[in-house]
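# Topology and contacts: notes
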Amino acid sequence: MERTLGIIKPNAVRKNVTGKILAMWEDAGFRIAGLKKVQLTKAAAGGFYKEHEGKFFYEELVNFMTSGPVVLVALERENAIAENRRLMGATNPEKADAGTIRKVYGDSYTENSVHGSDSPESAARELGYFFNVFETL
Ligand code: CMP
């Protein structure tokens, strides 16, 4: 079993499709090991996206990720990282395949509805950033 971090981003939370996205993960065989809705501070979002600091989209990304609550999800299944990336679709929703989360709920490159860890190293860092051991069951 492998775990990955999913984030339902502020545009999707605002659209009131949190439950629909959670259902897409469950229907695809993921178990929800941890779940919480939070309002990120600029420091928390900036730290999370540290690897993108200095890139042209960084400020817009941090502003967007703090524009409203997000839902943090610890997802578990076999091959969770790769399977979640497949289910989410391409980062840019315009390029995402039909039926993927970003195709259905993404609005733009920045407001692409969901985040998913992109490697085992990222998953470990990102899950540890947002969840403690008592919160992933
Ligand atoms: P996410 O999976 O959360 O990881 C980093 C985010 O930065 C990504 O989703 C996009 O929302 C955003 N991003 C990455 N590349 C670009 C880009 N070229 N233009 C705008 N936003 C981007």
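So, here's what we can say about the structure. Here the structure is a predicted model, which is why all the values come from computation and not from measurement.

## Brief notes about the overall build of the chain
The secondary structure content of the chain amounts to seven helices and four strands. From first element to last, N terminus to C terminus, the chain shows the α and β order β-α-α-β-α-α-β-α-α-β-α. For the chain, the C-alpha radius of gyration of 14 Å lies close to 14 Å, the compact-globule estimate for 137 residues. Considering only C-alpha atoms, the chain reaches an extent of 35 × 35 × 25 Å along its principal axes.

## Let's talk about the pattern of salt bridges
Applying the stated rule across the entire model yields six salt bridges. Here K36 ties to E135 by a salt bridge, and the two come within 2.9 Å at their closest N and O atoms. Placement of K36 in strand 2 (residues 31–38) and of E135 in the segment after helix 7 (120–130) is noted, with a sequence separation of 99 residues between them. As a salt-bridge pair, E83 and R86 come within 2.7 Å of each other at their nearest N and O atoms. Taken as a pair, E83 and R86 lie in helix 5 (residues 80–88) at a separation of three residues, close to a single helical turn. Residue R86 is classed as exposed on the basis of its relative accessible area, which comes to 60%. A cluster of three or more residues bridged by salt bridges with shared partners is formed by R3, R31 and E76.

## Quick look at the site of the ligand
What surrounds the ligand is the set K9, Y49, H52, F56, F57, L61, T91, R102, Y109, T110, N112 and H115. Considered on its own, the ligand offers 450 Å² of accessible surface; in the complex 84% of this is hidden by protein.

## Regarding the sheet that holds strand 4 (residues 114–116)
Sheet strands pair by backbone hydrogen bonding; their relative direction is either parallel or antiparallel. The antiparallel open sheet is built from four strands, whose spatial order is 2-3-1-4. Each edge of the open sheet carries a strand with a single partner, namely strand 2 and strand 4. Taken pair by pair, the neighbouring strands of this sheet meet at an average axis angle of 20°, ignoring direction. Of the strand pairs in this sheet, strand 2 and strand 3 (residues 70–77) are connected by seven bridges, and their pairing is antiparallel. In the strand pairing of strand 3, I32 is matched with L75. Each of strand 1 (2–8), strand 2, strand 3 and strand 4 touches helix 2 (residues 18–27); the most contacted strand, strand 1, lies at about 160° to it.

## Brief notes about helix 5
Three or more residues of helix 5 are buried, namely A80, I81, E83, N84, L87 and M88. Across the axial projection of helix 5, the buried residues extend over an arc of 170°, all falling on one side.

## Some remarks on the side chain of N11
Here N11 lies in helix 1 (residues 10–14). In terms of polar contacts, N11 uses its side chain to reach the side chain of D107, at 2.8 Å. In contact with N11, other than residues within four places in its own chain, are F64, Y105, D107, E111, N112 and S113.

## Some thoughts on the pairing of strand 3
When a strand is regular, its side chains alternate between the sheet's two faces. Of all the eight residues making up strand 3, seven are buried; the element is thus mostly covered by neighbouring parts of the structure. Pairing of strand 1 with strand 3 involves seven bridges; the strand directions are antiparallel. Among the inter-strand pairings, L5 is bridged to a residue of strand 3, identified as A74.

The rules behind the values
Residues numbered from 1 in each chain as written. Predicted model: local features only at pLDDT ≥ 70, side-chain atom pairs only at ≥ 80, totals over all residues. Heavy atoms only, no water. Helix = DSSP H or I, 4+ residues; strand = E, 2+ residues; numbered from the N terminus. Rg over C-alpha atoms; globule rule 2.2 N^0.38 Å. Salt bridge = Lys/Arg side-chain N within 4 Å of Asp/Glu carboxyl O. Buried < 20%, exposed > 50% of the residue type's maximum accessible area, 1.4 Å probe, protein only. Near = heavy atom within 4 Å. Areas by Shrake-Rupley, 256 points an atom, 1.4 Å probe, with all protein chains shown as cover. Pairing = 2+ DSSP bridges. Axes fitted to C-alpha atoms, helices over the stretch in contact; angles between N-to-C directions. Contact = heavy atoms within 4.5 Å. Arc of directions from axis to C-beta. Polar contact = N/O pair within 3.5 Å; in protein donor to acceptor, adjacent residues only side chain to side chain.

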